[in-house]
Amino acid sequence: MTQAPPSIAPASGKLAILLPGLGAVSTTFIAGIEAILQGLGRPIGSLTQMGRVRLGKRTEMKVPLIKEFVPLASLDDLVFGSWDCVPDNAYEAALKAGVLEPTLIEKLRSKLEAIQPWTAAFDQKFVQKLHGTHCKRGTRRALAEQIGNDIDAFLKKTGASRAVMIWCGSTEVFTQSGPHHASLAALEKALDHDEQAIAPSILYAYAALTRGIPYANGAPNLTVDIPAMQELANQTHAPIAGKDFKTGQTLMKTILAPGLRARHLGIRGWYSTNILGNRDGEVLDDPQSFKTKEVSKLSVLGTILQPELNPELYSDLYHKVCINYYPPRGDNKEGWDNIDIFGWLGYAMQIKIDFLCRDSILAAPIVLDLALFLDLAKRAGLKGIQEWLSFYLKSPMVKEGLYPEHNLFHQEMKLMNTLRWMMGETQITHLGIDYYQA
Ligand SMILES: NC(=O)c1ccc[n+]([C@@H]2O[C@H](COP(=O)([O-])OP(=O)(O)OC[C@H]3O[C@@H](n4cnc5c(N)ncnc54)[C@H](O)[C@@H]3O)[C@@H](O)[C@H]2O)c1
């Protein structure tokens, strides 16, 4: 039985968007919002700004804009706060990131210069390629408290009525869920004992979730994908989502693989390699950080293709993902895919993709949509993992016992049906038999 639609509080007042990490993605996102507000660009790639949702029967032609259908915060109500272990303000960081044209950044200079990052909770053990110079000091517990104080002071200063936190910091080294992640009590104890195995990203999420602030994880780090944080999110009624923004090559993979699977074409091998030269690429040049990313990138094909159900087509699939740091490319990544497929009677074919993509241009609208939808979820009284936001994520978090849905089209349907459900509209099944079998 479907639950009754929730009642949704209005989006009144300002919404603070809190961003640990003020690098390429964050600055492209913030500068993008300012540019859009000044009429210097369009929010392309953002469902919340440009997307529509179909309602009712196909013959009714009711397809409102999502932002007119559900009550979302408006762009001119957003205020931005950030932390970074590098002291550059958003103007300097945007210039260094090299994603947007310097002439555009110059037009937004005063707005961007006003965003000065707070000192970071940083530990080089977790991001070995970075040397943080703009950092907080103290035990793990003290660091979490200092982050919390930054949040409280920012909300007071801006008068924001609500906040959302989106992790846009570097990918941390690979860690697995351990005993101090197993329950909230264990995590609290680990914080009290200054347990060095607690990653900095967890401290930001802890500070947000204890305040009931929704949190999304744009990187593949564990962070909120542990029982302790899910317990905390449920306790404080905070919606959470993660992990890892679905951009570039993985976006392509989750568009293409469902199509091949739908037509029952076999796949023998999928070789993916990338060159990129931004700071993210440099961080991922460290094998420990790459391992975190690799796990996230490799996971998508298994659940889309389901080799256990289709052994003849997919059980021998060889899947390889490489990322190569190549500074001349900056943020303009090039991703190659070679896909060895086979069809009728086992005859072999090949697909080659050469995606000249701009990573942060693809990530910025995801940050916006996650922030606005998580704020909506909070006002609708939803808490814990928001599976309907899997659409935006490479490695979607799911409730224990469920497998994640990676197919972009299933994810889109889930998102649209969740919006319909929230507003008391009929779900769309795409059966449509009544149109043509009277
Ligand atoms: N660009 C994309 O399309 C994309 C896609 C998926 C995921 N991501 C992930 O999003 C994150 C941001 O990507 P980016 O391209 O902006 O990287 P970036 O290197 O430009 O920015 C990350 C920033 O985080 C800062 N940082 C590192 N540790 C920190 C800490 N503990 N506290 C505060 N700041 C910290 C770094 O100094 C840096 O300025 C990365 O984890 C990346 O893997 C990016």
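Keep in mind that what you see is a predicted model, and the values were worked out from it rather than measured.

Thresholds, definitions, all that
- Residues numbered from 1 in each chain as written.
- Predicted model: local features only at pLDDT ≥ 70, side-chain atom pairs only at ≥ 80, totals over all residues.
- Helix = DSSP H or I, 4+ residues; strand = E, 2+ residues; numbered from the N terminus.
- Buried ≥ 20, exposed ≤ 12 C-beta atoms within 10 Å, placed from the backbone.
- Contact = placed C-beta atoms within 7 Å.
- Near = placed C-beta within 6 Å.
- Nonpolar A, V, L, I, M, F, W, Y, C, P; charged D, E, K, R; others polar.
- Pairing = 2+ DSSP bridges.
- Axes fitted to C-alpha atoms, helices over the stretch in contact; angles between N-to-C directions.
- Expected span 1.5 Å × (residues − 1).
- Arc of directions from axis to C-beta.
- Core = buried A, V, L, I, M, F, W, Y, C linked by C-beta atoms within 7 Å.
- Domains from an automatic or database assignment.
- Parallel < 35°, antiparallel > 145°, perpendicular 65-115°, else oblique.
- Left-handed = near helix turned anticlockwise from the far one by under 90°.

Topic: the overall build of the chain
Each helix and strand in the chain was counted, giving 17 helices and ten strands. If you line up the chain on its principal axes, its C-alpha atoms span 65 × 50 × 45 Å. Taken across its 438 residues, the chain has 46% of its residues classed as buried. Considering only residue pairs separated by 6 or more positions, the chain has 77% of its internal contacts joining residues 24 or more positions apart.

Points about the site of the ligand
Gly21, Gly23, Ala219, Arg279 and Asp359 are the nearest of the 35 residues found near the ligand. For the shell around the ligand, the elements supplying multiple residues, two or more each, are helix H1 (24–37), helix H12 (279–283) and helix H15 (359–379). If one sorts the elements of the shell around the ligand by residue count, H15 sits on top with four residues. Each residue belonging to the shell around the ligand can be placed in one class, and the counts come to 20 nonpolar, ten polar and five charged.

Looking at the sheet that holds strand E8 (residues 332–342)
The four strands are arranged E7-E6-E8-E9 in an open sheet whose pairing can be described as mixed. Edge positions in the sheet fall to strand E7 (318–325) and strand E9 (348–358), since each has one partner strand and no second. Across the sheet, the mean angle separating the axes of adjacent strands is 10° when strand polarity is ignored. Here eight bridges tie strand E6 (residues 266–276) to E7, and the two strands are oriented parallel to one another. Following the sheet pairing, Tyr271 is matched in E7 by Lys320. With respect to the sheet, helix H11 (residues 248–262) is in contact with E6, E8 and E9, its orientation differing from that of E8 by roughly 20°.

Description of the sheet that holds strand E4 (residues 215–217)
Pairing is parallel in the open sheet, where six strands are placed in the order E2-E1-E3-E4-E5-E10. In this open sheet, the two strands that pair with only one neighbour each are strand E2 (78–83) and strand E10 (384–385). In this structure, strand E3 (residues 162–167) lies alongside E4, joined through three bridges in parallel fashion. Note on E4: the bridge partner recorded for Trp167 is Asn217. Against the sheet, helix H9 (residues 200–210) makes contact with strand E1 (15–20), E3 and E4, and its axis sits at roughly 165° relative to E3, the strand it touches most.

What about helix H7 (residues 140–158)?
In this model H7 runs 27 Å from its N-terminal to its C-terminal C-alpha over 19 residues, within 8% of the 27 Å that 1.5 Å per residue would give. Listing the buried residues of H7 in full gives Arg140, Leu143, Ala144, Ile147, Asp150, Ile151 and Leu155. An end-on view of H7 places all buried positions within 125° of arc, on one side of the element. Residues Asn149, Asp152, Ala153, Lys156 and Lys157 are exposed on H7 and point more than 90 degrees away from its buried face. Its buried side turned inward, H7 meets E1, E3, helix H8 (184–192) and H9. Just past H7, the residue Gly159 takes up positive phi, approximately 75°.

Some thoughts on the nonpolar core
Membership of the largest hydrophobic core comes to 111 residues, with the highest contact counts inside it found for Ile17, Val164, Ile166, Leu209, Tyr215, Val367 and Leu370. For this core, the element with the most residues is H15, which contributes twelve residues. Each of two domains, domain 1 (15–245 + 361–422) and domain 2 (249–358), supplies a minimum of three residues to this core. Here Ile166 is in contact with Ile17, Leu19, Ala216, Gly218, Val367, Leu370 and Ala371, once residues within four sequence places are set aside. Core analysis: the second largest hydrophobic core is formed by eleven residues, Ala257, Ile267, Leu305 and Tyr314 among them.

Examining the domain arrangement of the chain
As far as domains go, the chain holds domain 1 (15–245 + 361–422) and domain 2 (249–358). Relative placement of domain 1 and domain 2: their C-alpha centres are 25 Å apart. Counting from both sides, the interface comprises 28 residues of domain 1 and, opposite them, 29 residues of domain 2. Listed by contribution, the elements that provide at least two residues to the side of domain 1 that touches domain 2 are H15 and helix H16 (408–422). Split into classes, the residues belonging to the side of domain 1 that touches domain 2 amount to 14 nonpolar, nine polar and five charged.

Structural notes on the environment of Ile323
Following the sequence through the fold, Ile323 ends up in strand E7. Judged by local crowding, Ile323 falls into the buried class, with 22 C-beta atoms found within 10 Å. Ile323 sits 234 residues away from Asn89 along the chain, and the two C-alpha atoms are 29 Å apart. The contact partners of Ile323, leaving out residues within four places of it in the chain, are Asn274, Leu276, Gly281, Leu284, Phe290 and Lys293.

Regarding the pairing of E8
Here nine bridges tie E6 to E8, and the two strands are oriented antiparallel to one another. By the bridge assignment for E8, Tyr271 is matched with Asn338. For E8 and E9, the ladder comprises eleven bridges, and the chain directions are antiparallel. Following the sheet pairing, Gly335 is matched in E9 by Phe355. The hairpin turn running from E8 into E9, its antiparallel successor, is five residues long, and Leu345 in that turn takes a positive phi close to 65°.

Focus on the packing of H9 against helix H10 (residues 227–235)
Between H9 and H10, the shortest axis-to-axis distance is 9 Å and the interhelical angle comes to 20°. Between H9 and H10, the angle is such that the two are roughly parallel. The way H9 lies across H10 gives a crossing that is left-handed. Residue-level contacts link Ala205, Leu209 and Thr210 of H9 to Met229, Leu232 and Ala233 of H10. A class-by-class count of the residues in the contact of H9 with H10 yields five nonpolar, one polar and no charged.

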